[in-house]
Amino acid sequence: MRISTSMIFDAGRNTLMQQSADMAHTQQQLATGRRILTPSDDPIASARALEVSQSKSVNEQFQTNQGYAKDALSVLESSLGSIGDTLQYIRTRAVEAGNGTFSPGELQSLASDVEAQFNSLLATANSKDATGEYLFAGFQSGQTSFSGGAAVAGAGPAAVVYNGDEGSRTMQVGPSRVMPIAEPGSKVFMADPTTGQSQMFSAISDFITELRKAPTDPTRNIPAAVQSAIGGMDAAIDNVSTIRASVGSRMVELDAQVDLSAQHDLEYSDTLSRLQDLDYNEAISRFSQQQTVLQAAQQSYVRVTGLSLFDLLR
Amino acid sequence: MAGLLSIGLSGINTSQANLATTSHNISNADTPGFSRQAAIQTTIDPIFSGAGFFGQGSKIDTVRRQYDSFLSQQVLTASARKEEFSAYGSQISQIDNLLADTSAGLSPALQDFFKGVQDVATNPSSIPARQALISTGQTLAARFNALDTRLGEIRDVTEGQISSTVDSINTFARQIADINERIAAVQVGGQSIPANDLLDQRDSLIGELNKLVKVNTFTESDGSVSVSIGSGQALVVGNTASQLVVTPDSSVPADPFRSEVRLATPGGAVLLPDSILTGGQLGGLLKFRDETLDSAREQLGDLAIAVSTQFNAIHQAGYAIDGTTTGTAFFTDISGLSGSAADRRSAAGAFAVSITDPSLIAASGAADASRGVTAGGSNNENALLLAGLQTARVMNGGTATFQSNYSQLVSAVGNKAREVQIGEKSQEAQLEQATNAQQSVSGVNLDEEAANLIRFQQAYQAAARVLSVAGTLFDEILSVSR
């Protein structure tokens, strides 16, 4: 084939430009550590990477929620524990009152002790979480969970009424798991569904009323009151223990979810890396190969274009 | 001897002509579009004598350019396709980079927005969490708007380029008409005595025009070339050039920036549909606009409409923190823009957050007496439903999530960009082959010219020698008579 002088120059120039472009692309990959610089480099992998990054982001949100859920359940669990302890203490005191050796004065001081327990239980029932929300108010966490319980002279405190609702706040801790992280006060403190009066608090208050009656009062019947107080406390302790067991099993389940999410996070990171990241071994060897080719192209270009018959015409 | 002198002289003349042609080739070795020329040398008609025909020396018949119209046509075809891909490619690469960018793309904003929703679901009564959701919603809106603005800028640039390309086409058309007239004027001897350099210039102009829009050419009997574009619309006939004009697209009055190309004729401007204006930069720009830019803007608009409409539907069914307020829209209602293509293209720009009061965010579900549940406060049932939208398949007839719909857009543009890049490379290779084939016929090789220079120099020296011999012979005769 006949070759024109411009073909020699153009072909050489085109090759040099192509080689430099290839090298610049590899250099960009090396500098960024990314295999895919623009979606057109690998459209399928880029689209996939976007979807995986959403899955990763959703999973990260679940991990955040799991942290919140764990905190909330721990607070709930320790509150339930302290409620159980208080109930147990009141039951012990009731048993003591039933052995019949206490003088009227001793029974009065026992009544004061139980009333103090009553107030501490009420304080727990109206406790707030770290963000200032009432723990046991259901969805109505902005208002006091329970009202009432004011001291009454010569008797037990006034009735305690539930102000919240039956809702229990939930958090999404997994792709298909929405976990309750609170228990409504009505359930924990056994509120009557129609009047809203807490049966747990009434049992304690009734006991105090009985203890404070004058020894001359014909209606006074300590042994019967002791029996009913023990029965009331047993029912309350059963209730709290059941709820506490359910909270405990949720915490165990949550631990499993935490492990699972951590595992998923690792897998998503792996997938993203495989889709987007550069294989440095391959890229560096490609780069040095391109370097060699470019050098050869430059040197041969200079040689070929340096040849001219005119140089030999003297 | 008179014969010898005139034969020697003819040799000197032909050698001079050959040397001039060679020098012309050498001078124009780098002139774009130049075809190397050769002086066609023949013998002078012989004189008959009784002993036979005696040669009378050489003469130059004509000077002809080395040119193959078939090869040139191949270059034109490959060049129009290559320029089309090249114009398309330089436009689409801007979108390609834009959509999947980790900071400018939509994905991160969409993910952050749903993180905000999850935060409200987790802390439903927290005003800061609610305020943060409004902020992430505004960030999402800003991203939609920014993408729309950027795509709008690309649209403006594309329309501007369409307009300036049409201006250049008109300029080339006039120049070709002018040169047609000059060629007709100088080729007085007919096409057998070609005005080589003017023909090269005209071919070069046609080549440049063909880079802008694919042309078909036809050589008329008077040596002028008619140029047509599209499906045969005449742009240049003889020494008259028609003009293309860019006017606002009458079929899309809602989009005043959109232009269409018309051919001005005495009877009025005739519309040239985008589908027939193929090849060249104009073809690439129109194809980019119709195939990629429009559909990218429409898909982005569809996504904006779907996000706002679906989110609003759930949000409006929920209750505010007070437990009573309901029916509040979170995003501005843009569902009315889902009708025409022009409306869909504008939807991403209209995407906005309409809620301002964080307490109005409807995180709460409805009160339900059977479960003893009231609305408001830390009721997060509706917020959980809103958060569920992130992974719900609510687009493309229930087959795609918001994210996967956006991924489809990124993938569609990426695939198209890749296709165009590959097309451009393959057309570049074809153009190179066609150019090489054409150059191997028409291109100047300086070594060849150097060799010719020596050859014709020697021919000149030999012819001069003939003259000197003729002179010697004449001296011989004179000395005999002395």
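Okay, so let's go over this structure.

About the cut-offs
- Starting from 1, residues in each chain are numbered consecutively following that chain's sequence as written.
- In the order they appear in the text, chains get letters beginning with A and ligands get numbers beginning with 1.
- Restriction of local features to residues with pLDDT of at least 70 applies here, the model being predicted, together with a cutoff of 80 or more for giving and counting side-chain atom pairs; totals for whole chains, interfaces and linings are based on all residues.
- Residues are scored as being in contact if the C-beta atoms we place from backbone atoms lie within 7 Å.
- Numbering of helices and strands starts at the N terminus; helices are DSSP runs of H or I of at least 4 residues and strands are runs of E of at least 2.
- In this count, Pro and Cys sit with the nonpolar residues alongside Ala, Val, Leu, Ile, Met, Phe, Trp and Tyr, while Asp, Glu, Lys and Arg are called charged and the others, Gly among them, polar.
- Structural elements are reduced to axes, namely lines fitted to C-alpha atoms, with helices fitted over the stretch in contact, and the angle between N-to-C directions of any two is expressed from 0 to 180 degrees.
- Should an angle lie under 35 degrees it is considered roughly parallel, over 145 roughly antiparallel, and from 65 to 115 roughly perpendicular; all remaining angles are considered oblique.
- For any pair of crossing helices, the crossing counts as left-handed if the nearer helix is rotated counterclockwise from the farther one by less than a right angle, and right-handed if it is rotated clockwise.
- A pair of strands is treated as paired once DSSP finds two or more bridges between them.
- Buried Ala, Val, Leu, Ile, Met, Phe, Trp, Tyr and Cys residues whose C-beta atoms connect them within 7 Å together make up a nonpolar core.
- The exposure scheme places C-beta atoms from the backbone and then counts, for each residue, the other C-beta atoms within 10 Å of its own, assigning buried at 20 or more, exposed at 12 or fewer, and partly exposed in between.

**Some details on the interface of chain A and chain B**
Many authors give the size of an interface as the accessible area that is lost as the parts come together.
So, point 1. Contacts between the two partners involve 41 residues from chain A, matched on the other side by 50 residues from chain B.
So, point 2. For the side of chain A that touches chain B, the secondary-structure elements that each account for two or more residues are α1 (5-32), α2 (43-97) and β3 (170-174) of chain A.
So, point 3. Ranked by the residues each element gives to the side of chain A that touches chain B, the list is headed by α2(A), at 13 residues.
So, point 4. Considered class by class, the residues forming the side of chain A that touches chain B number 16 nonpolar, 19 polar and six charged.

**Notes on the packing of α1(A) against helix α7 (residues 280-306) of chain A**
All names here are of chain A.
So, point 1. The geometry of α1 relative to α7 is characterised by a closest axis approach of 9 Å and an angle of 160° between their N-to-C directions. When the axes of α1 and α7 are compared, the pair comes out roughly antiparallel. Here α1 runs over α7; the crossing is left-handed. Residue-level contacts link Ile8, Phe9, Gly12, Thr15, Leu16, Gln19, Ser20, Asp22, Met23, Thr26, Gln29 and Leu30 of α1 to Ala283, Arg286, Phe287, Gln290, Gln291, Val293, Leu294, Ala297, Gln298, Tyr301, Val304 and Thr305 of α7.
So, point 2. Counted by class, the contact of α1 with α7 contains twelve nonpolar, ten polar and two charged residues.

**Some details on the pairing of strand β11 (residues 268-272) of chain B**
All names here are of chain B.
So, point 1. Of the pairings in the sheet, the one linking strand β10 (residues 259-265) to β11 comprises five bridges and is antiparallel in character. Its bridge partner being in β11, Val261 is matched across the sheet by Leu272.
So, point 2. Turn length for the β10-β11 hairpin, with the two strands adjacent in sequence and antiparallel, is two residues.

**Comments concerning the sheet that holds strand β6 (residues 225-229) of chain B**
Residue and element names in this part refer to chain B.
So, point 1. If you trace the four strands from one edge of the open sheet to the other, you get β5-β6-β7-β8, paired in antiparallel fashion. Looking at the sheet topology across the chains shown, the edges are occupied by β5 (215-219) and β8 (240-241).
So, point 2. Note: β6 against strand β7 (residues 233-237), three bridges, orientation antiparallel. The partner of Val227 across the bridge, within β7, is Val236.

**Digging into the nonpolar core**
The nonpolar side chains of a soluble globular protein tend to be buried with one another.
So, point 1. With 97 residues, the main nonpolar core has Ala173(B), Ile176(B), Leu209(B) and Ala304(B) as its most contacted residues.
So, point 2. Discounting residues that sit within four places of it in the chain, Ile176(B) has contacts with Arg202(B), Leu205(B), Ile206(B), Leu209(B), Val227(B), Val236(B) and Ala241(B).
So, point 3. Judged by nonpolar contacts, the second largest core, of 49 residues, contains Ile83(A), Ala97(A), Met179(A) and Ile204(A).

**Re the environment of Val178(A)**
So, point 1. Of note, Val178(A) is situated in strand β4 (residues 177-180).
So, point 2. The spacing of Val178(A) and Asp165(A) is 13 residues in sequence and 19 Å in space, taken between C-alpha atoms.
So, point 3. When near neighbours in sequence (up to four residues on either side) are disregarded, Val178(A) contacts Thr170(A), Gln172(A) and Leu384(B).

**Comments concerning unusual backbone geometry**
So, point 1. Of note in the backbone geometry, Met190(A) takes a positive phi value of approximately 55° without being a glycine.
So, point 2. Of note, Asn396(B) is a non-glycine position whose phi angle comes to about 50°, a positive value.
So, point 3. Given 13 C-beta atoms within 10 Å, Asn396(B) falls into the partly exposed group.

**So, helix α7 (residues 341-350) of chain B**
So, point 1. Buried within α7(B) are the following residues: Arg344(B), Arg345(B), Ala347(B), Ala348(B), Gly349(B) and Ala350(B).
So, point 2. Buried positions along α7(B) lie against α4 (127-186) and α6 (280-317) of chain B.

**A short note on the sheet that holds β10(B)**
Strands in a sheet are paired, the pairing made by backbone hydrogen bonds, and the direction either parallel or antiparallel.
Residue and element names in this part refer to chain B.
So, point 1. Strand order in the open sheet formed by three strands is β9-β10-β11, with antiparallel pairing between adjacent strands. With partners counted over all chains shown, the strands left at the sheet margins are β9 (243-248) and β11, one partner each. Direction aside, neighbouring strands of the sheet carry axes that sit 40° apart on average.
So, point 2. Bridge count for β9 against β10 is six bridges, and the pairing is antiparallel. Its bridge partner being in β10, Gln243 is matched across the sheet by Ala264.
So, point 3. α4 rests against β9 and β10 of the sheet, and its axis sits at about 160° to β9.

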